[in-house]
Amino acid sequence: MTELSADPACAWCDGRLVAFAEARVPLEDRGLQFGESLYEVIAVARGEPFRLSDHVERMRSGAGEIGLAEGVPSLSEWGAIVAELHRHQPHASAILYAQVTGGTAPRSHVPQPPPRPLFFAYLRRFAFPSADAAARGIAAVTFAEQRWQRRDLKTVMLLPAVLARKEALARGAEEAIFVGQDGFVNEGAASNVFAVLGRAVTTLPAGQRNLAGISGRVVEEICRKAGIPFSVRPLTVSDLRKADELFVASTTALVMPVVRLDDVPVGGGSPGRVTLLLAQSFRDMLWGPAGPPS
Ligand code: PDD
């Protein structure tokens, strides 16, 4: 077994707990060779996976579409896996990374018989953005959409997202926002996009253009509880530029204000009141008023 200080120390791989350093995916794994694979990233705060059933449901429904449903554990199995991983690594703040792949077979686009899917998951310590980070916000750049047409499936075909983020970083920004050829905004490289117009929060419809983000669903719930108007409609880049506030939401960014878009300040150039309220409420849901441990 790996030293206890290693992080991750262990992984759940193909039905059993193994030392992380010894966990292996075969060279002919279909996720590796064909991108036939789905993943989830789940916040684990104080030992509890946040919105686990939503993440499991999203993976299950995507896996059903690409023929990998039998590889996705049941919700109670996921709960037991997270608990087991957390027992070995009791991080106060972590992310669970989970992936199902098409399994292993001699390389062929459609092997017969189809191999048994592979599922693996591990927990990694993770520092979620603090109140200070949210108070600073981030810069984002717009980027021409280059991904396939099924963005509702959370596949590991992430090369366009990686390239877009690299370009964003090179331009001093932290997120790239994909824009379709039709001029409508899609989503961030790894987040959903929200504009605040007046006091109303607006986001783009989820579907084949955009992943149905679970953090976005939480944002909607917070808005409804707080009496903040919430709407869903297509948005153009010019809508984003005119917005009073702009933010992205994801499991790892939570609610993160975007204070510059393509080098132009958004709103007043600092995080807006509605966004900061949403960011605070989101952190409270995960860790309570004390906030995430640093
Ligand atoms: N990605 N859209 C895309 C393309 C994403 O990759 C993500 C998250 C989201 C937001 O989904 P959620 O709120 O369920 O995290 C939207 C994860 C965090 C990642 O790839 O690391």
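Residues numbered from 1 in each chain as written. Predicted model: local features only at pLDDT ≥ 70, side-chain atom pairs only at ≥ 80, totals over all residues. Heavy atoms only, no water.

(A) Broad picture of the sheet that holds strand β5 (residues 93–101). Taken together, the six strands give an open sheet; going across it, the order is β2-β1-β6-β5-β3-β4, and neighbouring strands pair in antiparallel fashion. Every interior strand has two partners, whereas the edge strands, β2 (16–19) and β4 (48–49), have only one. Sheet topology note: the strand β3 (residues 37–45)/β5 ladder contains nine bridges and is antiparallel. Paired with Ala43 across the two strands is Ile95, which belongs to β5. Its contacts with the sheet place helix α3 (residues 75–88) against β1 (10–13), β2, β3, β4, β5 and β6 (118–125), and it is angled at close to 40° to β6. (Pairing = 2+ DSSP bridges. Helix = DSSP H or I, 4+ residues; strand = E, 2+ residues; numbered from the N terminus. Contact = heavy atoms within 4.5 Å. Axes fitted to C-alpha atoms, helices over the stretch in contact; angles between N-to-C directions.)

(B) Highlighting the domain arrangement of the chain. For the chain, the domain assignment lists domain 1 (3–127) and domain 2 (131–287). For domain 1 and domain 2, the distance between their C-alpha centres works out to 26 Å. Domain 1 puts 25 residues into the contact, and the matching count from domain 2 is 21 residues. Carbon and sulfur atoms supply 64% of the area buried between domain 1 and domain 2, which totals about 2000 Å² over both sides. The three residues of domain 1 that bury the most area against domain 2 are Tyr39, Phe50 and Arg58, which together make up 31% of that side's buried surface. In this structure, the connection of domain 1 to domain 2 is made through three salt bridges. A salt bridge links Arg51 to Glu221; its shortest N-O distance comes to 2.8 Å. Looking at the side of domain 1 that touches domain 2, the elements with two or more residues in it are β3, α2 (52–66) and β5. It is β3 that contributes the most residues to the side of domain 1 that touches domain 2, eight residues altogether. Classifying every residue of the side of domain 1 that touches domain 2 gives twelve nonpolar, seven polar and six charged. (Domains from an automatic or database assignment. Buried area = accessible area lost by both parts, 1.4 Å probe. Salt bridge = Lys/Arg side-chain N within 4 Å of Asp/Glu carboxyl O. Nonpolar A, V, L, I, M, F, W, Y, C, P; charged D, E, K, R; others polar.)

(C) Structural detail: the packing of α2 against α3. Closest axis-to-axis distance for the α2/α3 pair is 10 Å, and the angle between their directions is 120°. In terms of orientation, α2 lies oblique with respect to α3. The two elements α2 and α3 cross, and the hand of that crossing is right-handed. Residues Leu52, Ser53, Val56, Met59 and Arg60 of α2 form the contact with α3, whose own contacting residues are Leu75, Trp78 and Gly79. Class assignment of the residues belonging to the contact of α2 with α3 gives a composition of five nonpolar, two polar and one charged. (Parallel < 35°, antiparallel > 145°, perpendicular 65-115°, else oblique. Left-handed = near helix turned anticlockwise from the far one by under 90°.)

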